[in-house]
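Each chain, written out:
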Amino acid sequence: MPEGHTIHRQARLQRAALAGERIRSWSPQGRFAAGAARLDGRKLNDIEALGKHLLYRWDSGDTLHVHLGLFGKFKTFKSNPPPPTNMTRLAMAGGRAVVYLSGPTICELLNTEEEDDLRARIGPDPLAGQRSGRRFASNLSRRRIPIGSALLDQRVVAGIGNVYRAEVLFKCRIAPHRPADQIHGDEAALLWTTIRSELRAGEAAGRIVTVRPNDVGVRARVDIPREERLYVYKRAGLPCRRCGDTVLSAEMANRLIWWCPTCQPLSR
DNA sequence: GGGTGATGCTGAG
DNA sequence: TCAGCCTCACCCC
């Protein structure tokens, strides 16, 4: 379930659960055996989220880099952890909690140079607290690709995934096919603030809920049914929650995207 | 119980 | 552009 909000949430929760202690680390699956052995018994100083990447800082000077990819998952147990399965790539056990990681695309130790490379190829992170709206706008202005593709490019903005790209464009009334370099300054500013507030809401809630109170016929609650939480994502053929027109979908940047042709006109 | 798609990304061609 | 990789929830039988 990993867009940027999940990663930042994990950083926050795991910081509270593990940081500041010596951590027993091992790789039940065996695929990270050497790395885990190197970290075993070291003190975990801090965890940093960077877009969809997680960086764990250890007192040995080591940095553990985790990227969940499409399938990666964390499971945290405060008490009575079940034994890890042979799918558990990395297990980290401290005095307060145990965290199991399975299915990550990346689980590796980084040296300084590799970490610099990672930072260099990642765009502004809306959850990192920086004021990077201008950088985001400038990144857009330099791409001729559709805005729907640009939002998935982690060099443009770090942390957006397929759900948020569709939802954020809907909220800002921008058609996904419009070229990124033709997004007006005020639209780019609105996009940035919308991305920030939506990712923040997702981080806090632990799930993606973009539908808000004042929109027709939908409760503003986190516990609303799953199929009412989003405006357009995976709603092809269904009526737009705002105007009733039919939600469309198409492939863009190798993934499906959904939009309302009335609420998100091609020209503004 | 099998099949499939998924909130991601890379590297080969 | 496309196959490949990682895992599992969900659907259908």
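Our structure is the block above this text.
Described in the following lines is the structure provided in the data block. (Residues numbered from 1 in each chain as written. Chains lettered and ligands numbered in written order. Predicted model: local features only at pLDDT ≥ 70, side-chain atom pairs only at ≥ 80, totals over all residues. Heavy atoms only, no water.)

Strand-to-strand pairing in sheets goes through backbone hydrogen bonds, with the strands running parallel or antiparallel. The four strands lie next to each other as β2-β3-β4-β8, forming an open sheet whose pairing is antiparallel. Each edge of the open sheet carries a strand with a single partner, namely β2 (44-50) and β8 (106-110). Averaged over neighbouring strand pairs, the angle between their axes works out to 20° when direction is ignored. Bridge analysis of strand β3 (residues 53-58) against strand β4 (residues 63-67) gives five bridges, and the strand direction is antiparallel. Looking at the pairing, L55 lines up with H65 of β4. The strands touched by helix α1 (residues 4-18) are β2 and β3; relative to β2, the strand with the most contacts, the crossing angle is about 170°. Along the sheet, helix α3 (residues 112-120) contacts β2, β3, β4 and β8; its crossing angle with β3, the most-contacted strand, is approximately 150°. (Pairing = 2+ DSSP bridges. Helix = DSSP H or I, 4+ residues; strand = E, 2+ residues; numbered from the N terminus. Axes fitted to C-alpha atoms, helices over the stretch in contact; angles between N-to-C directions. Contact = heavy atoms within 4.5 Å.)

What follows covers the packing of helix α6 (residues 162-171) against helix α7 (residues 185-205). For the pair α6 and α7, interaxial distance at closest approach is 10 Å and the crossing angle is 130°. The angle between α6 and α7 places the two elements in the oblique class. Both α6 and α7 take part in a crossing whose hand is right-handed. Of α7, the residues touching α6 (which contributes Y164, V168, L169 and K171) are L191, T194, I195, E198, L199 and G202. (Parallel < 35°, antiparallel > 145°, perpendicular 65-115°, else oblique. Left-handed = near helix turned anticlockwise from the far one by under 90°.)

If you check the shell around DNA strand C, you find Q29, R31, F71, M87, R89, S102, G103 and R226 and nothing else. Within 4 Å of the protein, the atoms of DNA strand C are drawn from sugar and phosphate moieties in a proportion of 56%. Q29 has a polar side-chain atom sitting 2.8 Å from a phosphate oxygen of DNA strand C. Residue R31 places a side-chain N or O atom 3.2 Å away from a phosphate oxygen belonging to DNA strand C. For the surface near DNA strand C, the residue count by class is two nonpolar, three polar and three charged. (Near = heavy atom within 4 Å. Polar contact = N/O pair within 3.5 Å; in protein donor to acceptor, adjacent residues only side chain to side chain. Nonpolar A, V, L, I, M, F, W, Y, C, P; charged D, E, K, R; others polar.)

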